[in-house]
Amino acid sequence: MYHLTVSIVLAAFIALAHSAEEVNVGGYLSKAQENVDQLSVHCFKPSDDDTIYKYSIPHLNESQGVIDFAKFKGKPLLLVNVATFCQSASEYPVYNKFVEKYGNQIEIVGFPSNQFWNQEPSANATEIYNAIRYVRPGNGFVPKFALTKLVQVNGAGESPIFSFFKRSCLSTRTRFESAEYLLYAEKNARDVRWNFEKFLLNHEGHVYKRFDQHFKPEGLIPDIEHLIAEAKKAKN
C-alpha cells in the first residue's frame, strides 16, 4: 500500500471535483474563456548575456544530488513548472514520450510548485511521486525526466532560474488569476501565470520560446526538432 497524507487526499478530491465542474481556472479552456493573449512568445538574450548554465538546483529526491545545467551544454532543454493536482498534469505522459523519442538529444526538467491554488501540496519527494503514480496522471505513472525540489516561480522567494526566464521572455498573458488562487503577493508583468508553462531553451543555454499553459505539448515538436537540428549543426 502506498501512503498519501490527508492534505494530498483532500487536494486530489478537490482537483477532480473542479475538473468535473470545468472551473475556469488554469484548465484547458478556450482562448476567449481564459483571455490568453498568445499561446507562445519568442524570447531574447538577457542584457547581461546570462545563460541557464550558471544555475543548479537539487533533485526532488535529494539523494540524487543536484541538477547542474552546465552539464547540458550543447543540447536543447524543455523546462516546465508542474503541479500534480493541476488538470494539465495529463501532459506528463507526453513528456515521457519525448524522452523515449529523442533520448539524450534533449533534456526535460519539471519544477514542482505550489503557488497556484495549492495544486502541489505534497511535503516531500515520496508524497509527490506517490501522487503522480496513483492520482494524476495515475495508473502507475513514473516520470522518465528529472523533477526538482519544490520551488517558488514568482514573488519575493522566486527561484533564480525563473528570474532568468523572466529576464528573457515576456508573459503570454496580460491578466492574472484572482488573488485567492495565487499563493504569492508581489506581482510582475512577466510572472508565470499558472502551472505547466513551458520554457524551451536552445543549445547555447538561452530561452528560445515561452509557451502558455494552454499550449499542448505535442505542438512543441516542430520547435524541439528545429533546436535539435541546430545543436547538431553547431557540433559540426
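Please refer to the structure higher up on the page.
Residues numbered from 1 in each chain as written. Predicted model: local features only at pLDDT ≥ 70, side-chain atom pairs only at ≥ 80, totals over all residues. Heavy atoms only, no water.

1. Structural notes on the overall build of the protein chain
Helix and strand counts for the protein chain come out as six helices and eight strands. The helix and strand sequence of the protein chain, counted from the amino end, reads α-α-β-β-β-β-α-β-α-β-α-β-β-α. Burial status across the protein chain gives 53% buried among its 236 residues. Residue pairs at least 24 apart in sequence account for 74% of intrachain contacts in the protein chain once pairs closer than 6 positions are excluded. Summed over its atoms, the accessible surface of the protein chain is roughly 10700 Å², and 52% of this surface lies on carbon and sulfur atoms. (Helix = DSSP H or I, 4+ residues; strand = E, 2+ residues; numbered from the N terminus. Buried < 20%, exposed > 50% of the residue type's maximum accessible area, 1.4 Å probe, protein only. Contact = heavy atoms within 4.5 Å. Areas by Shrake-Rupley, 256 points an atom, 1.4 Å probe, with all protein chains shown as cover.)

2. A look at the pairing of strand S8 (residues 207-211)
Burial within S8 is extensive, with four of its five residues counted as buried. Sheet topology note: the strand S1 (residues 40-42)/S8 ladder contains three bridges and is antiparallel. Bridging from a neighbouring strand, Val41 pairs with Arg210 of S8. Here strand S7 (residues 198-201) runs beside S8; their pairing, made up of four bridges, is antiparallel. (Pairing = 2+ DSSP bridges.)

3. Here we look at the state of the cysteines
Think of a disulfide as a covalent bridge from one cysteine sulfur atom to another cysteine sulfur atom. Tallied over the entire structure, the rule returns one disulfide. Each sulfur of the disulfide joining Cys43 and Cys169 lies 2.1 Å from the other. Judged by the sign of its S-S torsion, about 110°, the bond between Cys43 and Cys169 is right-handed. Of this pair, Cys43 sits in the loop between S1 and strand S2 (56-58) while Cys169 sits in the loop between helix H5 (160-168) and S7; the two residues are 126 residues apart in sequence, bridging distant segments of the chain. Take Cys43: its relative accessible area is 15%, and that puts it in the buried class. Given a relative accessible area of 0%, Cys169 falls into the buried group. (Disulfide = S-S within 2.5 Å.)

4. Concerning the sheet that holds S1
Within the open sheet, the six strands sit side by side as S1-S8-S7-S4-S5-S6. Their pairing is mixed. Of all the strands in the sheet, just S1 and strand S6 (146-147) have a single pairing partner and so form its edges. Each of strand S4 (77-82), strand S5 (107-112) and S7 touches helix H3 (residues 92-102); the most contacted strand, S4, lies at about 160° to it. (Axes fitted to C-alpha atoms, helices over the stretch in contact; angles between N-to-C directions.)

5. A few points about the side chain of Lys75
For Lys75, the position within the fold is in the loop between strand S3 (66-68) and S4. A polar atom in the side chain of Lys75 sits 3.1 Å from the side chain of Glu107. Here Lys75 is in contact with Asn104, Gln105, Ile106, Glu107, Asn202 and His203, once residues within four sequence places are set aside. (Polar contact = N/O pair within 3.5 Å; in protein donor to acceptor, adjacent residues only side chain to side chain.)

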